[in-house]
Amino acid sequence: MGEVKKIKNLKEFSTSADRFEGANLLCPGCAHSIIVREVLNATNDDLILASSTGCLEVCTAVYPYTSWDASWIHIGFENGSTAVAGAEAMYQALKRKGRLKQPDRSTKFVAFGGDGASYDIGFQWISGCMERGHDMMYIVLDNEVYANTGGQRSSATPIGASATTSPAGRKSYGEKKNKKDMVAIMAAHDIPYSAQVAPNKWKDMVKKIQHGLNVEGPVFINAMSPCTTEWKFDPKDTMMISDLATDSLVFPLYEIIDGHELNITYRPKHKVPVEEYLAAQGRFKHLFKAEYKHMIKEWQDRVDATWEYLQRREEARV
Amino acid sequence: MAEQGWDEFEIGAMLRSFNGEAKDVALTLQEDRDYSSNNSFTASVADWRIEKPVFNKDYCIDCQFCWVYCPDISIISRDKKMIGIDMDHCKGCGICVEVCPTNPKSLLMYSEQTDEEQALAAWPSKDEGEK
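Residues numbered from 1 in each chain as written. Chains lettered and ligands numbered in written order. Predicted model: local features only at pLDDT ≥ 70, side-chain atom pairs only at ≥ 80, totals over all residues. Heavy atoms only, no water.

Comments concerning the overall build of chain B
Right, so step 1: Within chain B one finds 3 helices and 4 strands.
Right, so step 2: Going from the N terminus to the C terminus, chain B shows its helices and strands as β-α-β-β-α-β-α.
Right, so step 3: Taken over the C-alpha trace, chain B has a radius of gyration of 19 Å; the compact-globule value for 131 residues is 14 Å, which it surpasses by more than 25%.
Right, so step 4: Counting only C-alpha atoms, chain B reaches 60 × 35 × 25 Å along its principal axes.
Right, so step 5: Relative to its 131 residues, chain B shows a buried fraction of 43%.
Right, so step 6: About 7800 Å² of surface is accessible on chain B, with carbon and sulfur atoms providing 49% of the total.
Right, so step 7: The centroid of the 13 positive side-chain charges in chain B is displaced by 8 Å from the centroid of its 25 negative side-chain charges. (Helix = DSSP H or I, 4+ residues; strand = E, 2+ residues; numbered from the N terminus. Rg over C-alpha atoms; globule rule 2.2 N^0.38 Å. Buried < 20%, exposed > 50% of the residue type's maximum accessible area, 1.4 Å probe, protein only. Areas by Shrake-Rupley, 256 points an atom, 1.4 Å probe, with all protein chains shown as cover. Lys, Arg positive; Asp, Glu negative; His and termini not counted. Charge placed at Lys NZ, Arg CZ, Asp CG, Glu CD.)

Section: the pairing of strand β5 (residues 193-197) of chain A
In regular strands, side chains alternate between the two faces of the sheet.
Residue and element names in this part refer to chain A.
Right, so step 1: β5 sits mainly inside the fold: 5 of its 5 residues count as buried.
Right, so step 2: In β5, alternate side chains face the same way, and those of Tyr193, Ala195 and Val197 on one face and Ser194 and Gln196 on the other are all buried.
Right, so step 3: Handedness of the crossover joining β5 and strand β6 (residues 219-224) through helix α8 (residues 202-214): right-handed.
Right, so step 4: Examined bridge by bridge, β5 and strand β7 (residues 254-257) share 3 bridges and lie antiparallel to one another. Counterpart to serine 194 in the pairing with β7 is isoleucine 256. (Right-handed = clockwise from strand over helix to strand, strands pointing away. Pairing = 2+ DSSP bridges.)

Quick look at the packing of aromatic side chains
Right, so step 1: For the structure on display, the rule yields 16 aromatic pairs over all chains.
Right, so step 2: Both rings, one in tyrosine 35 of chain B and one in phenylalanine 41 of chain B, keep their centres 4.2 Å apart while their planes meet at 25°; by these two values the pair is stacked.
Right, so step 3: Ring-pair connections join several aromatic residues into one group, and the members of that group are Phe20, Trp68, Trp72 and Phe112 of chain A.
Right, so step 4: Lying across the ring of phenylalanine 123 of chain A, lysine 180 of chain A places its NZ or CZ 4.3 Å from the centre. (Phe/Tyr/Trp six-rings, centres within 6.5 Å; stacked < 30°, edge-to-face > 60°. Lys NZ or Arg CZ within 6 Å of the ring centre and 35° of its normal.)

Thoughts on helix α4 (residues 80-96) of chain A
All names here are of chain A.
Right, so step 1: Given a rise of 1.5 Å per residue, 17 residues ought to cover 24 Å, and the 25 Å separating the end C-alpha atoms of α4 matches this to within 8%.
Right, so step 2: Listing the buried residues of α4 in full gives Gly80, Ser81, Ala83, Val84, Ala85, Glu88, Tyr91 and Ala93.
Right, so step 3: Contact partners of the buried residues in α4: β1 (46-51), β2 (71-74), β3 (107-114), α6 (123-132) and β4 (137-142).
Right, so step 4: Within two residues after α4, glycine 98 carries a phi angle of roughly 70°, on the positive side. (Expected span 1.5 Å × (residues − 1). Contact = heavy atoms within 4.5 Å.)

Things to note about the pairing of β7 of chain A
Residue and element names in this part refer to chain A.
Right, so step 1: Here β7 shows two buried faces, one formed by Tyr254 and Ile256 and the other by Glu255 and Ile257.
Right, so step 2: Judged from the 4 bridges that link them, β7 and strand β8 (residues 261-264) form a sheet pairing that is antiparallel. Following the sheet pairing, isoleucine 256 is matched in β8 by leucine 262.

Quick word on the nonpolar core
Residue and element names in this part refer to chain A.
Right, so step 1: Within the largest apolar cluster, 60 residues are counted, with the highest numbers of intra-cluster contacts made by Leu40, Leu49, Trp68, Phe112, Ile139, Ile209 and Ile221.
Right, so step 2: Discounting chain neighbours no more than four positions away, the residues touching isoleucine 209 are Val39, Ala42, Met137, Ile139 and Ile221.
Right, so step 3: With 57 residues, the next largest nonpolar core counts Val145, Met182, Met224 and Trp231 among its residues. (Core = buried A, V, L, I, M, F, W, Y, C linked by side-chain atoms within 4.5 Å.)

Observations concerning the domain arrangement of chain B
Residues and elements named next belong to chain B.
Right, so step 1: As far as domains go, chain B holds domain 1 (1-43) and domain 2 (44-121).
Right, so step 2: A separation of 27 Å is found between the C-alpha centroids of domain 1 and domain 2.
Right, so step 3: Listed as interface residues are 7 residues of domain 1 and, on the opposing side, 6 residues of domain 2.
Right, so step 4: When the two sides are added together, the surface that domain 1 and domain 2 hide from each other amounts to roughly 440 Å², 41% of it contributed by carbon and sulfur. (Domains from an automatic or database assignment. Buried area = accessible area lost by both parts, 1.4 Å probe.)

The structure is reproduced here in structure tokens:
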């Protein structure tokens, strides 16, 4: 096991040498690369990375360019997780036989996928990886929509959001189903660590990533990634939207250890009404019309209920 | 390789980020790396910008918020100090300006054609309206 990189404060963090390069083709203001940078800079270990098809993959590997300074592979939409799991299995086999070329180096295995590749298309593959107990980390860049292909709804799209396959209009308020609780599903695999992170809470993120990389066994991370194109806000407001999401508890930050021990890692000092989070984004614009106004209260009630549930689970330690 | 057409490139292509052997990339700063021509670091997205950030080091407190929240690795920080902006890779999103906590801000967006020295000379003074 390698040494954990010491990151006490942001100044110390800023001495990191980035292993993710600019001139990738992600939209200006995209949170994907902020998350990827925070993850890669959290460690100095060698990294074996994979991406499932999605914004991150198509934008960072546009032939003849690559934006990755570590081993990185892309195969298909569904199998970012299994590609890394295969590499990890091979690594363990070579280690067992004593045939590693550089046995003194510590290597970590990380897979990235969008919410489409994780919540929908690659769901079975991820579940398999978690169940088989590979020593790897799977990170979802959760922008709650198939952003790469034009904004179709995914099972991460929250209720009331207007997506191209569930558009809002006179007869519909947009997406009808609520987001599925992926962290709980993955925690139910009894994996050693699963957590939710957000790019604006970099310290919380680094702490969770470092813990996850050093734990033996599969780790699942759900990272909120505000999408300037599909959530319809100004590119400069990415961090403002992230702040609103974490402070309104629409996206609570917590971790689940060994599938049962839940810890809330961020409690906002000043709780923001969900209405402010919804109002900041174009995809919820229609909810402020008279006929759909009731949705806002439903939103607030649901967010409060989830927060109550998390707090009670944290207390109960079960 | 960059000149090959869409039907000519190899299937299952492997791109190397660096020329020759690269050891301890995580401990090597960008200026000390031997980037290959396949690394997107050698490309530029400067033409995406409509507005560019201008950095005024007089007001900077080196908090590094801009560094950590820059999506394009365009804020250059060395030895815990913010030293400049990488204009080849900046897409002009403006996040750095939004997260800058100083008053007046140490980073402001100007149109791409603005002369940097003129912008610095006419830098806004402290906004008393804010807390």
